[in-house]
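Residue strings, one per chain:
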Amino acid sequence: MYNEELKKLNISAKAYELTLKLESELREIFCGIEETECINQAKVLNAFQQNRVAAYCFMPTTGYGYDDLGRDTLDKVFADALGAEAAVVSPHIVSGTHAIFLALSGLLGINESMLSVSGHPYDTLTEAIGIENPAAGSLKEYGIEYSEIELNDDASFNIPEIKKRLAETKPRIVYVQRSRGYAWREAITLDNMKSAFDAVKRVSPDSIIVVDNCYGEFTDTAEPLAAGADIIAGSLIKNIGGGLAPTGGYYAGKREYVDRISNRLTVPGIGRETGSYFGSYLPFYQGLFLAPHTVAQSLKSAALFAKAFEFSGLPSMPESIAKRSDIVQAVCFGDKERLIKFCQGIQAVSPVDGFVIPEPWAMPGYNDEVIMAAGTFVQGASAELTADAPVCKPYIAYVQGALTYSHGKIAVMRFLSDTLK
Ligand SMILES: *Cc1c(COP(=O)(O)O)cnc(C)c1O
């Protein structure tokens, strides 16, 4: 029932009624999301039990952190939850970009090559790889040759071209970005990955397949490793931190490769033997336990946003009824002011900094100015309800996250209130 509390958030009765109607059309989609959630919850629970997680695993440690049981157990729990031989999950990995860059720089030797088969990588990686404006210490400085192949228009892989280039160059790394990033394209499904990865392994069996898994974890009942990837990497302040992990990233996959990357995380020959954390490990464990649920909340919110955008006649992606492979909903406003207003509306229904008005700014690592609505508990955490956009034509915003579906729904109601006037 429409209520005073909604009115205080500038939500109109009309927007409320409309949202209920749109929501009722999503029943089947929500059932599918809940089924995936249940399977992932069981998988996470089994990972906790098999690794005998106990209260002493949460204890802080100091100094070198030799025999840090909390750290070692957390790695094992993550590995099992992701279907990996081994995983490293650490507050010392500062972001998703750091996790991905560690994987690349840990696996690539001098003068080796890397082929991206999903087009241009995420913005924050271009200077690090050295595709544009190579930063000091970029992969390019180490003689790493980078090349890329675009995805097809439907976000499937261009397999004939991939086979041809692999046969010619035999790259050390074949790289895939699962989520859409700041591109107007769909996220890549595990089925599409499977057929491409089978082809990669046939033509170039020594190539290592690395997947940027940011925003993808737990959106499906398996991770890209099950489709044949060798290494996946991602951020803890997105899906898999469950909204509780205060910082961090992870990489996971074949043990041999995970160990090699760990020599880059710390020191060759020392790897994962050291590293303490004087904060408690509790939020990392509890966050992982909650992640199947928070991801489901995000997926439902994204589907409802898609419905509202479709109703409003705005081009948006994916479709409300689509099966998703990331938690992101993209919407094209075609107009700078409407884009900025939308992001400001998201900020206005945020629990933290709800009183501030976000403006575009030159964020480190991004080419265009970016506007970010992130009224989050954990700074910049997009497991929480957030919207961000590079401020350039055609003015596309990316909205994602929501720790609770009700919060996502409130944001949809607020958007409809603002636009139905
Ligand atoms: C967020 C994101 C990254 C980078 O993660 P940060 O934690 O922001 O550094 C990389 N790739 C994709 C697809 C992302 O969405």
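To start, this report covers the structure provided alongside it.

Turning our attention to the site of the ligand. Within the structure, the ligand sits among Ser 95, Gly 96, Thr 97, Ile 100, Tyr 122, Gln 177, Ser 179, Asp 212, Cys 214, Tyr 215, Ser 235 and Lys 238. Interatomic distance of 2.7 Å between a backbone N/O atom of Gly 96 and an oxygen atom of the ligand. Residue Thr 97 places a side-chain N or O atom 2.5 Å away from an oxygen atom belonging to the ligand. For the shell around the ligand, the element with the highest residue contribution is helix α5 (residues 96-107), accounting for three residues. For the shell around the ligand, the per-class residue count stands at four nonpolar, six polar and two charged.

With that settled, consider the packing of aromatic side chains. On inspection of all chains with the given rule, the structure shows 19 aromatic pairs. Where Phe 30 meets Tyr 405, the ring centres are 5.4 Å apart and the plane angle is 80°; that geometry is what we call edge-to-face. Here the residue Phe 30 occupies a position in helix α3 (residues 27-50), and Tyr 405 occupies one in helix α12 (residues 405-420), the gap between them amounting to 375 residues. For the pair Phe 333 and Phe 342, a centre-to-centre distance of 5.2 Å together with 40° between the ring planes defines the contact as tilted. Judged by its relative accessible area of 5%, Phe 342 falls in the buried class. Grouping aromatic residues by their ring pairs yields a cluster made of Phe 305, Phe 309, Phe 333, Phe 342 and Phe 415. In this structure, Lys 238 packs its charged tip against the face of Tyr 122, placed 5.6 Å from the ring centre. Sitting above the plane of the Tyr 215 ring, Lys 238 keeps its charged end 4.1 Å from the centroid.

We now examine the side chain of Gln 297. By the element assignment, Gln 297 lies in helix α10 (residues 282-311). Accessibility expressed as a relative area gives 9% for Gln 297, which makes it buried.

What follows is about the sheet that holds strand β4 (residues 173-177). Read across the sheet, seven strands follow the order β1-β7-β6-β5-β4-β2-β3 without closing on themselves; strand pairing throughout is mixed. Only two strands of the sheet have a single partner each, and these edge strands are β1 (86-90) and β3 (145-148). Sheet twist, expressed as the average angle between the axes of neighbouring strands with direction ignored, equals 20°. In terms of strand pairing, strand β6 (residues 231-235) meets strand β7 (residues 249-253) through five bridges, oriented antiparallel. When the sheet's bridge partners are listed, Gly 234 is paired in β7 with Tyr 250. This element, helix α4 (residues 69-82), spans β1, β6 and β7 of the sheet and lies at about 125° to β1. In the packing of α5 onto the sheet, the strands contacted are β2 (113-116), β4, β5 (208-212), β6 and β7, and the crossing angle to β6 comes to about 155°.

Trans is the common state for peptide bonds, and a negative phi is the common state for residues other than glycine. A cis amide bond links Met 317 with the next residue in sequence, Pro 318, at an omega value of -5°. Residue Lys 393 is joined to Pro 394 through a cis peptide bond whose omega torsion reads 0°. In this structure, Pro 394 sits in the loop between β11 (386-390) and β12 (396-400). Phi is positive for Asp 67, close to 55°, though the residue is something other than glycine. By the element assignment, Asp 67 lies in the loop between α3 and α4. Although it is not a glycine, Lys 170 adopts a positive phi angle of roughly 40°. With respect to the helices and strands, Lys 170 occurs in the loop between α7 (159-169) and β4.

Time to look at α10. If you check α10, its first and last C-alpha atoms are 42 Å apart, about what 30 residues at 1.5 Å a residue would give, namely 44 Å. Helix geometry: α10 is bent most strongly at Ala 291, by close to 50°, with proline Pro 292 lying one to four residues after it. Where burial is concerned, most of α10 is hidden: 22 out of the 30 residues are buried. Looking at the residues trailing α10, positive phi occurs at Gly 313, about 75°.

This part covers the pattern of salt bridges. This structure, assessed with the given rule, holds 18 salt bridges. Two residues, Asp 326 and Arg 180, come together in a salt bridge whose shortest N-O distance is 3.0 Å. Of this pair, Asp 326 sits in the loop between β8 (316-317) and β9 (328-332) while Arg 180 sits in the loop between β4 and α8 (190-203), and the two are 146 residues apart along the sequence. By relative accessible area, Asp 326 is classed as buried at 1%. One salt-bridge network, in which partners are shared between bridges, spans Lys 21, Glu 25 and Lys 307.

Calculation notes
- Residues numbered from 1 in each chain as written.
- Predicted model: local features only at pLDDT ≥ 70, side-chain atom pairs only at ≥ 80, totals over all residues.
- Heavy atoms only, no water.
- Near = heavy atom within 4 Å.
- Polar contact = N/O pair within 3.5 Å; in protein donor to acceptor, adjacent residues only side chain to side chain.
- Helix = DSSP H or I, 4+ residues; strand = E, 2+ residues; numbered from the N terminus.
- Nonpolar A, V, L, I, M, F, W, Y, C, P; charged D, E, K, R; others polar.
- Phe/Tyr/Trp six-rings, centres within 6.5 Å; stacked < 30°, edge-to-face > 60°.
- Buried < 20%, exposed > 50% of the residue type's maximum accessible area, 1.4 Å probe, protein only.
- Lys NZ or Arg CZ within 6 Å of the ring centre and 35° of its normal.
- Pairing = 2+ DSSP bridges.
- Axes fitted to C-alpha atoms, helices over the stretch in contact; angles between N-to-C directions.
- Contact = heavy atoms within 4.5 Å.
- Expected span 1.5 Å × (residues − 1).
- Bend = angle between axes of the 7 residues up to and from the residue.
- Salt bridge = Lys/Arg side-chain N within 4 Å of Asp/Glu carboxyl O.

Geometry only, nothing functional implied.
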